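Next come the chains, spelled out residue by residue.
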Amino acid sequence: YAALKQQKRDFVYFIIAADTNSVEVTEADISEYYQANKQSFKTLQRVKLEYLEIKQKDIGDALTFSDDEIQASYDDDPSRYQTPELRKASHILLKLEDDASEEQVASALSKLQIAADRIKNGEDFAELANEISEDSFSAKKGGSLGFITRTDIDNPVFIQKLFSMSKGDMSVPLRTSLGVQLIKLEDVTEPKTKPPEQVRAQIENELRADASDKEYIELIEKLSNLSYVSEDNLQVAADELNMKVQTSDWIVGAELDGIASYPSVVSAAFSDEVLTKGINSSLLEVADGHSMVIRVVEHEPSEIQSLEEVADKIKITVRSIKARDQLVAQGAKAIEKL
């Protein structure tokens, strides 16, 4: 195996290059290829659409709100604009698995109780955290976890205890989801209510989202009803809703841009109901907050292209085939001579 893997070989070669320009393609060759491959020259059916669309974002962008509306929304529930209560915590952790035995839990609690007693007798919490805590990240900082909110840490026992303590308090050793912990509350930042001018943009966004959602739902319901009643056109719905009927380019199938990028639009456009019967589609929710109704205004069915339309393409194909055949023949002769 080693000998085969490490062997080297020297070789010589020559290339027989194709010369397509020297290949003659007759009208008979083109006609013969066309007749044998007619189905490959079949065009795909395509349609042009008219459509009405409603976008919730456009509705929202057009909305404005007065100072009185902003203030009224603020006064409705000022607590929404409160900063969260922050508590600066330090801890000493002895890690335990969830399935730790009662003996293991009791031993860890006993060790932490000894640590708590040492702190009560005057030893520094930070120094002791650096010495025995198994949370290596916080231990280097004297056990400090910094300021945290009620939702920052997924540890219910820890959070419940921390937010029931007074500044400067130290807890008893606790069994938590991490193991056993001794907690010290270093500082408290009380929640504050932000004034209206600081949260104006937030209030506007809340009002805009709520108002645009309601208007969007009303509009799509009206569009759905109007386009159903006047099923053979979209202009009636457009006039009633003060909208403009839009027209697409030719659509062959799913494309990368425009309304043809939405699968539901393409599916509806080529459905029997819309394509053959010539009626409006049902309401299509093409994306979240974006709906439309479509109808086919032009349709070109699938058909086989004439010989004249594809002759140039066939000529290139036939020339390539003949050149390939010549190369095979030349290669065979070269091998025979060798």
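Everything that follows concerns the structure shown earlier in this document.
Residues numbered from 1 in each chain as written. Predicted model: local features only at pLDDT ≥ 70, side-chain atom pairs only at ≥ 80, totals over all residues. Heavy atoms only, no water.

A. Structural view of the pattern of salt bridges. Applying the stated criterion to the full structure yields 12 salt bridges. Here R200 makes a salt bridge to D67, at a shortest N to O gap of 3.0 Å. Of this pair, R200 sits in helix α9 (residues 200-229) while D67 sits in helix α4 (residues 67-76), and the two are 133 residues apart along the sequence. Residue classification places D67 among the exposed positions, given a relative accessible area of 55%. (Salt bridge = Lys/Arg side-chain N within 4 Å of Asp/Glu carboxyl O. Helix = DSSP H or I, 4+ residues; strand = E, 2+ residues; numbered from the N terminus. Buried < 20%, exposed > 50% of the residue type's maximum accessible area, 1.4 Å probe, protein only.)

B. Examining unusual backbone geometry more closely. At N242, a position not held by glycine, the phi torsion is positive, near 55°. Locating N242 in the fold gives a position in the loop between α10 (235-241) and β6 (246-247).

C. Quick peek at the side chain of E85. Within the fold, E85 resides in the loop between α4 and β2 (86-95). Looking at E85, the relative accessible area reads 18%, which means it is buried. Only 2.8 Å separates the side chain of E85 from the side chain of R87, close enough to count as a polar contact. (Polar contact = N/O pair within 3.5 Å; in protein donor to acceptor, adjacent residues only side chain to side chain.)

D. Main features of the nonpolar core. Within the largest apolar cluster, 17 residues are counted, with the highest numbers of intra-cluster contacts made by V47, L49, I259, V265, L284, M292 and I294. Every element with two or more residues in this core is listed here: β1 (46-55), α11 (263-269), α12 (272-276), β7 (284-287) and β8 (290-300). Top contributing element to this core by residue count: α11, with 4 residues. Those residues in contact with L284 that lie beyond four places of it in its chain are S264, V265, A268, H290, S291, M292 and I294. In this structure, I92, A108, L112 and A115 belong to the second largest nonpolar core, which totals 15 residues. (Core = buried A, V, L, I, M, F, W, Y, C linked by side-chain atoms within 4.5 Å. Contact = heavy atoms within 4.5 Å.)

E. Structural view of a negative patch on the surface. Judged by side-chain charge, E231, D232, D272 and E273 come together as a negatively charged surface patch. Checked against the element boundaries, D232 lands in the loop between α9 and α10. Overall, D232 belongs to the exposed group, its relative accessible area being 53%. (Patch = residues over 30% accessible without salt bridge, like charges linked within 9 Å, V, L, I, M, F, W, Y side chains within 5 Å. Areas by Shrake-Rupley, 256 points an atom, 1.4 Å probe, with all protein chains shown as cover. Lys, Arg positive; Asp, Glu negative; His and termini not counted. Charge placed at Lys NZ, Arg CZ, Asp CG, Glu CD.)

F. Region of the structure containing the packing of helix α5 (residues 102-120) against helix α6 (residues 125-132). With their axes 10 Å apart at the nearest point, α5 and α6 run at an angle of 150° to one another. Here α5 lies roughly antiparallel to α6, going by the angle between them. Once α5 is placed against α6, the crossing between them reads as right-handed. Here A115, R118 and I119 of α5 come into contact with α6, specifically with F125, L128, E131 and I132. Residue composition of the contact of α5 with α6, grouped by class: 5 nonpolar, no polar and 2 charged. (Axes fitted to C-alpha atoms, helices over the stretch in contact; angles between N-to-C directions. Parallel < 35°, antiparallel > 145°, perpendicular 65-115°, else oblique. Left-handed = near helix turned anticlockwise from the far one by under 90°. Nonpolar A, V, L, I, M, F, W, Y, C, P; charged D, E, K, R; others polar.)

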